[in-house]
Amino acid sequence: MSEAHQNVPVLAIDGPSGTGKGTIASLVASHLEWHTLDSGALYRAFAYVAVENDVSPDDVLGLEKLIRTINIAFTQTDTGLKIAADGRDITDQVRCEAGGKRASIFAKIPLVRQGLLDRQRRMRVAPGLVADGRDMGTVVFPDAFLKIFLDASASIRAQRRYNQLKEKGFSGTLRGLEKEIVERDAQDRNRSASPLIPASDAIALDTSRKGIVEVFDEVVTLIEDRLPAA
Ligand code: DC
(Lines give C-alpha, C1' and ligand atoms only; values in the text may rest on other atoms or scores of the structure.)
Protein backbone atom coordinates (compact mmCIF):
# COMPACT_ATOMS: atom_id res chain seq x y z
CA MET A 1 0.00 0.00 0.00
CA SER A 2 1.38 3.41 -0.87
CA GLU A 3 2.05 5.99 1.79
CA ALA A 4 -0.57 8.24 0.22
CA HIS A 5 -3.13 5.51 0.83
CA GLN A 6 -2.05 5.03 4.40
CA ASN A 7 -2.60 8.68 5.23
CA VAL A 8 -6.21 8.55 4.03
CA PRO A 9 -8.56 8.26 7.04
CA VAL A 10 -10.73 5.16 7.33
CA LEU A 11 -13.84 4.72 9.43
CA ALA A 12 -14.43 0.99 10.05
CA ILE A 13 -17.97 -0.18 10.82
CA ASP A 14 -18.31 -3.86 11.66
CA GLY A 15 -21.03 -6.07 13.05
CA PRO A 16 -23.51 -8.80 12.17
CA SER A 17 -26.25 -8.39 9.56
CA GLY A 18 -29.32 -6.32 10.35
CA THR A 19 -27.61 -3.85 12.69
CA GLY A 20 -27.93 -0.97 10.22
CA LYS A 21 -24.22 -1.05 9.27
CA GLY A 22 -24.74 -0.49 5.57
CA THR A 23 -27.27 2.31 6.04
CA ILE A 24 -25.10 4.09 8.61
CA ALA A 25 -22.01 3.65 6.43
CA SER A 26 -23.66 5.26 3.40
CA LEU A 27 -25.23 8.09 5.43
CA VAL A 28 -21.91 8.90 7.09
CA ALA A 29 -20.06 8.68 3.76
CA SER A 30 -22.45 11.13 2.08
CA HIS A 31 -22.23 13.43 5.11
CA LEU A 32 -18.42 13.48 4.91
CA GLU A 33 -18.33 13.15 1.08
CA TRP A 34 -16.08 10.12 1.48
CA HIS A 35 -15.90 6.87 -0.47
CA THR A 36 -17.57 3.66 0.72
CA LEU A 37 -16.53 0.04 0.77
CA ASP A 38 -19.36 -2.45 1.22
CA SER A 39 -17.16 -5.49 1.80
CA GLY A 40 -20.18 -7.78 2.20
CA ALA A 41 -21.16 -6.95 -1.38
CA LEU A 42 -17.71 -8.05 -2.52
CA TYR A 43 -18.03 -11.43 -0.75
CA ARG A 44 -21.56 -11.80 -2.08
CA ALA A 45 -20.46 -11.10 -5.66
CA PHE A 46 -17.44 -13.41 -5.39
CA ALA A 47 -19.57 -16.28 -4.08
CA TYR A 48 -22.20 -15.74 -6.77
CA VAL A 49 -19.66 -15.88 -9.59
CA ALA A 50 -17.95 -18.90 -8.00
CA VAL A 51 -21.20 -20.89 -7.89
CA GLU A 52 -22.09 -19.76 -11.40
CA ASN A 53 -18.74 -21.10 -12.64
CA ASP A 54 -19.04 -24.36 -10.70
CA VAL A 55 -16.13 -23.46 -8.45
CA SER A 56 -16.80 -25.19 -5.14
CA PRO A 57 -15.40 -24.01 -1.77
CA ASP A 58 -12.81 -26.84 -1.79
CA ASP A 59 -11.60 -26.22 -5.37
CA VAL A 60 -8.32 -24.45 -4.55
CA LEU A 61 -7.17 -24.02 -8.17
CA GLY A 62 -10.60 -22.81 -9.27
CA LEU A 63 -10.72 -20.28 -6.42
CA GLU A 64 -7.19 -19.05 -7.19
CA LYS A 65 -8.09 -18.56 -10.83
CA LEU A 66 -11.29 -16.74 -9.95
CA ILE A 67 -9.45 -14.39 -7.57
CA ARG A 68 -7.09 -13.48 -10.43
CA THR A 69 -9.74 -13.06 -13.10
CA ILE A 70 -12.95 -11.95 -11.43
CA ASN A 71 -14.20 -8.59 -12.63
CA ILE A 72 -16.55 -7.00 -10.10
CA ALA A 73 -17.63 -3.38 -10.30
CA PHE A 74 -19.62 -1.26 -7.85
CA THR A 75 -21.57 1.82 -8.90
CA GLN A 76 -23.39 4.17 -6.55
CA THR A 77 -26.83 5.03 -7.92
CA ASP A 78 -29.84 6.92 -6.56
CA THR A 79 -31.40 3.60 -5.59
CA GLY A 80 -28.29 2.22 -3.88
CA LEU A 81 -25.17 0.29 -4.79
CA LYS A 82 -25.27 -1.58 -8.10
CA ILE A 83 -23.10 -4.68 -8.28
CA ALA A 84 -21.85 -5.96 -11.63
CA ALA A 85 -19.78 -8.99 -12.64
CA ASP A 86 -18.19 -8.81 -16.09
CA GLY A 87 -20.52 -5.93 -16.90
CA ARG A 88 -23.71 -7.83 -15.92
CA ASP A 89 -25.87 -6.37 -13.17
CA ILE A 90 -26.11 -9.02 -10.42
CA THR A 91 -27.43 -6.78 -7.62
CA ASP A 92 -30.73 -8.61 -7.12
CA GLN A 93 -29.12 -12.04 -7.36
CA VAL A 94 -26.61 -11.29 -4.60
CA ARG A 95 -28.66 -9.11 -2.24
CA CYS A 96 -31.15 -11.86 -1.37
CA GLU A 97 -30.87 -14.14 1.69
CA ALA A 98 -29.41 -16.95 -0.41
CA GLY A 99 -26.73 -14.48 -1.50
CA GLY A 100 -25.77 -13.80 2.13
CA LYS A 101 -25.66 -17.50 2.95
CA ARG A 102 -23.48 -18.26 -0.08
CA ALA A 103 -21.15 -15.36 0.76
CA SER A 104 -20.70 -16.57 4.33
CA ILE A 105 -19.64 -20.03 3.08
CA PHE A 106 -16.95 -18.68 0.71
CA ALA A 107 -15.90 -16.01 3.25
CA LYS A 108 -14.72 -18.78 5.62
CA ILE A 109 -11.92 -19.73 3.23
CA PRO A 110 -8.55 -18.08 4.12
CA LEU A 111 -7.46 -18.16 0.46
CA VAL A 112 -10.52 -16.17 -0.56
CA ARG A 113 -10.11 -13.63 2.25
CA GLN A 114 -6.44 -13.16 1.45
CA GLY A 115 -7.22 -12.87 -2.27
CA LEU A 116 -9.78 -10.11 -1.69
CA LEU A 117 -7.65 -8.15 0.77
CA ASP A 118 -5.75 -5.91 -1.68
CA ARG A 119 -8.89 -5.12 -3.62
CA GLN A 120 -10.44 -3.78 -0.40
CA ARG A 121 -7.35 -1.83 0.63
CA ARG A 122 -7.18 -0.16 -2.79
CA MET A 123 -10.51 1.50 -1.99
CA ARG A 124 -8.69 3.68 0.53
CA VAL A 125 -8.71 6.82 -1.55
CA ALA A 126 -8.73 10.51 -0.50
CA PRO A 127 -10.50 12.26 1.07
CA GLY A 128 -11.52 9.22 3.16
CA LEU A 129 -13.22 5.84 3.27
CA VAL A 130 -16.13 4.44 5.24
CA ALA A 131 -15.75 0.64 5.18
CA ASP A 132 -18.35 -1.77 6.53
CA GLY A 133 -18.19 -5.51 7.05
CA ARG A 134 -17.00 -8.04 9.61
CA ASP A 135 -13.22 -7.53 9.75
CA MET A 136 -12.69 -3.92 8.68
CA GLY A 137 -11.29 -2.89 12.06
CA THR A 138 -9.48 -6.13 12.90
CA VAL A 139 -7.80 -7.13 9.62
CA VAL A 140 -8.40 -4.95 6.57
CA PHE A 141 -7.86 -1.50 8.14
CA PRO A 142 -6.36 -2.09 11.60
CA ASP A 143 -5.16 1.55 11.59
CA ALA A 144 -8.68 2.99 11.06
CA PHE A 145 -8.99 6.25 13.03
CA LEU A 146 -12.34 5.11 14.40
CA LYS A 147 -13.77 1.60 14.70
CA ILE A 148 -17.43 1.09 15.45
CA PHE A 149 -18.96 -2.29 16.23
CA LEU A 150 -22.72 -2.26 15.76
CA ASP A 151 -24.83 -4.97 17.35
CA ALA A 152 -28.50 -5.68 18.12
CA SER A 153 -30.51 -8.65 19.36
CA ALA A 154 -31.11 -11.40 16.81
CA SER A 155 -34.90 -10.98 16.98
CA ILE A 156 -34.69 -7.26 16.25
CA ARG A 157 -32.21 -7.79 13.42
CA ALA A 158 -34.48 -10.43 11.91
CA GLN A 159 -37.49 -8.11 12.16
CA ARG A 160 -35.60 -5.30 10.40
CA ARG A 161 -34.43 -7.60 7.65
CA TYR A 162 -37.93 -9.04 7.31
CA ASN A 163 -39.40 -5.55 6.83
CA GLN A 164 -36.79 -4.76 4.16
CA LEU A 165 -37.32 -8.03 2.32
CA LYS A 166 -41.12 -7.84 2.53
CA GLU A 167 -40.96 -4.65 0.48
CA LYS A 168 -39.20 -6.65 -2.21
CA GLY A 169 -41.85 -9.36 -2.21
CA PHE A 170 -40.17 -11.87 0.16
CA SER A 171 -42.53 -14.72 0.94
CA GLY A 172 -40.69 -16.45 3.81
CA THR A 173 -41.53 -16.27 7.52
CA LEU A 174 -40.00 -14.10 10.22
CA ARG A 175 -39.11 -17.17 12.26
CA GLY A 176 -37.34 -18.84 9.32
CA LEU A 177 -35.44 -15.64 8.63
CA GLU A 178 -34.30 -15.32 12.25
CA LYS A 179 -33.03 -18.90 12.18
CA GLU A 180 -31.02 -18.21 9.02
CA ILE A 181 -29.59 -14.98 10.46
CA VAL A 182 -28.51 -16.74 13.67
CA GLU A 183 -26.89 -19.56 11.67
CA ARG A 184 -25.01 -17.16 9.38
CA ASP A 185 -23.77 -15.09 12.32
CA ALA A 186 -22.56 -18.22 14.11
CA GLN A 187 -20.66 -19.22 10.97
CA ASP A 188 -19.13 -15.71 10.67
CA ARG A 189 -18.25 -15.54 14.38
CA ASN A 190 -16.82 -19.03 14.73
CA ARG A 191 -14.62 -19.28 11.63
CA SER A 192 -10.87 -19.25 12.19
CA ALA A 193 -10.05 -16.74 9.40
CA SER A 194 -10.95 -13.16 10.39
CA PRO A 195 -13.95 -14.04 12.55
CA LEU A 196 -16.65 -11.49 13.29
CA ILE A 197 -15.35 -9.97 16.53
CA PRO A 198 -14.97 -6.37 17.67
CA ALA A 199 -11.43 -4.98 17.42
CA SER A 200 -9.94 -4.41 20.87
CA ASP A 201 -10.12 -0.65 20.25
CA ALA A 202 -13.64 -0.64 18.73
CA ILE A 203 -16.51 1.31 20.21
CA ALA A 204 -19.57 -0.92 20.61
CA LEU A 205 -23.01 0.53 19.92
CA ASP A 206 -26.14 -1.52 20.51
CA THR A 207 -28.74 -0.42 17.98
CA SER A 208 -31.58 -2.63 19.30
CA ARG A 209 -33.56 0.29 20.67
CA LYS A 210 -32.20 3.05 18.48
CA GLY A 211 -33.36 4.46 15.19
CA ILE A 212 -31.03 5.17 12.30
CA VAL A 213 -30.94 8.93 12.99
CA GLU A 214 -29.87 8.40 16.60
CA VAL A 215 -27.09 6.00 15.61
CA PHE A 216 -25.98 8.33 12.81
CA ASP A 217 -25.78 11.28 15.26
CA GLU A 218 -23.73 9.22 17.72
CA VAL A 219 -21.31 8.13 15.01
CA VAL A 220 -20.92 11.69 13.70
CA THR A 221 -20.15 12.92 17.25
CA LEU A 222 -17.47 10.24 17.59
CA ILE A 223 -15.99 11.24 14.24
CA GLU A 224 -15.93 14.93 15.16
CA ASP A 225 -14.16 14.09 18.43
CA ARG A 226 -11.40 12.29 16.57
CA LEU A 227 -11.26 14.30 13.35
CA PRO A 228 -11.92 17.88 14.42
CA ALA A 229 -11.90 19.07 10.80
CA ALA A 230 -14.76 16.72 9.81
O1 DC B 1 -22.63 -7.69 5.17
P2 DC B 1 -23.29 -8.79 4.34
O3 DC B 1 -24.48 -9.37 5.03
O4 DC B 1 -23.58 -8.34 2.95
O5 DC B 1 -22.18 -9.95 4.23
C6 DC B 1 -22.46 -11.18 3.63
C7 DC B 1 -21.51 -12.24 4.15
O8 DC B 1 -20.18 -11.95 3.70
C9 DC B 1 -21.40 -12.32 5.68
O10 DC B 1 -22.32 -13.25 6.22
C11 DC B 1 -19.98 -12.78 5.89
C12 DC B 1 -19.23 -12.28 4.69
N13 DC B 1 -18.40 -11.11 5.00
C14 DC B 1 -17.19 -11.33 5.58
O15 DC B 1 -16.86 -12.47 5.91
N16 DC B 1 -16.34 -10.30 5.81
C17 DC B 1 -16.69 -9.05 5.52
N18 DC B 1 -15.83 -8.06 5.77
C19 DC B 1 -17.96 -8.79 4.94
C20 DC B 1 -18.81 -9.84 4.70
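Criteria and cut-off values
Residues numbered from 1 in each chain as written. Predicted model: local features only at pLDDT ≥ 70, side-chain atom pairs only at ≥ 80, totals over all residues. Heavy atoms only, no water. Buried < 20%, exposed > 50% of the residue type's maximum accessible area, 1.4 Å probe, protein only. Helix = DSSP H or I, 4+ residues; strand = E, 2+ residues; numbered from the N terminus. Pairing = 2+ DSSP bridges. Core = buried A, V, L, I, M, F, W, Y, C linked by side-chain atoms within 4.5 Å. 1 Å grid on protein atoms, 1.4 Å probe; cavity = no way out; pocket = protein on both sides within 12 Å on 5 of 7 lines; lining within 4 Å. Points joined across faces, edges and corners; volume = space filled by probe spheres on them. Nonpolar A, V, L, I, M, F, W, Y, C, P; charged D, E, K, R; others polar. Near = heavy atom within 4 Å. Polar contact = N/O pair within 3.5 Å; in protein donor to acceptor, adjacent residues only side chain to side chain. Areas by Shrake-Rupley, 256 points an atom, 1.4 Å probe, with all protein chains shown as cover.

Describing the pairing of strand β1 (residues 10–14)
So, point 1. Of all five residues in β1, five are buried; the element is thus mostly enclosed.
So, point 2. What you see with β1 is no split at all: Val-10, Ala-12 and Asp-14 on one side and Leu-11 and Ile-13 on the other are buried throughout.
So, point 3. Relative to strand β6 (residues 129–133), β1 is paired through five bridges, and the arrangement is parallel. Bridging from a neighbouring strand, Asp-14 pairs with Gly-133 of β6.
So, point 4. Relative to strand β7 (residues 146–151), β1 runs parallel, the two sharing four bridges. Each residue of the ladder has a partner; that of Leu-11, found in β7, is Leu-146.

Some details on the nonpolar core
So, point 1. Ranked by size, the top nonpolar core spans 26 residues in total, and within it Phe-46, Leu-63, Ile-83, Ile-90, Phe-106 and Val-112 carry the most contacts.
So, point 2. Residue assignment for this core shows that the elements contributing at least two residues are α3 (39–52), α4 (60–69), β4 (80–85) and α6 (97–106).
So, point 3. It is α3 that provides the largest number of residues to this core, a total of nine residues.

Re the layout of surface pockets
Regions of empty space are outlined by a rolling probe, equal in size to a water molecule, passed over the atoms.
So, point 1. In this structure, the largest pocket spans a volume of roughly 1300 Å³.
So, point 2. Taken together, 49 residues line the largest pocket, and the ones lying closest to its centre are Gly-22, Thr-23, Asp-38, Arg-95 and Gln-164.
So, point 3. For the lining of the largest pocket, the leading source of residues is helix α2 (residues 21–32), giving five residues.
So, point 4. Class assignment of the residues belonging to the lining of the largest pocket gives a composition of ten nonpolar, 21 polar and 18 charged.

Here's the deal with the site of the ligand
So, point 1. Near the ligand, the surroundings consist of 16 residues, among which Arg-44, Arg-113, Arg-184, Asp-188 and Arg-191 are the closest.
So, point 2. Contact distances for the ligand include 3.0 Å between a nitrogen atom and a side-chain N or O atom of Ser-39.
So, point 3. Within the contact set of the ligand, an oxygen atom lies 2.8 Å away from a side-chain nitrogen or oxygen of Arg-191.
So, point 4. With the chains in place, 96% of the 440 Å² that the ligand exposes on its own is no longer accessible.
So, point 5. Elements with a contribution of two residues or more to the shell around the ligand: α3, α6 and α11 (174–190).
So, point 6. At four residues, α3 tops the list of elements feeding residues into the shell around the ligand.

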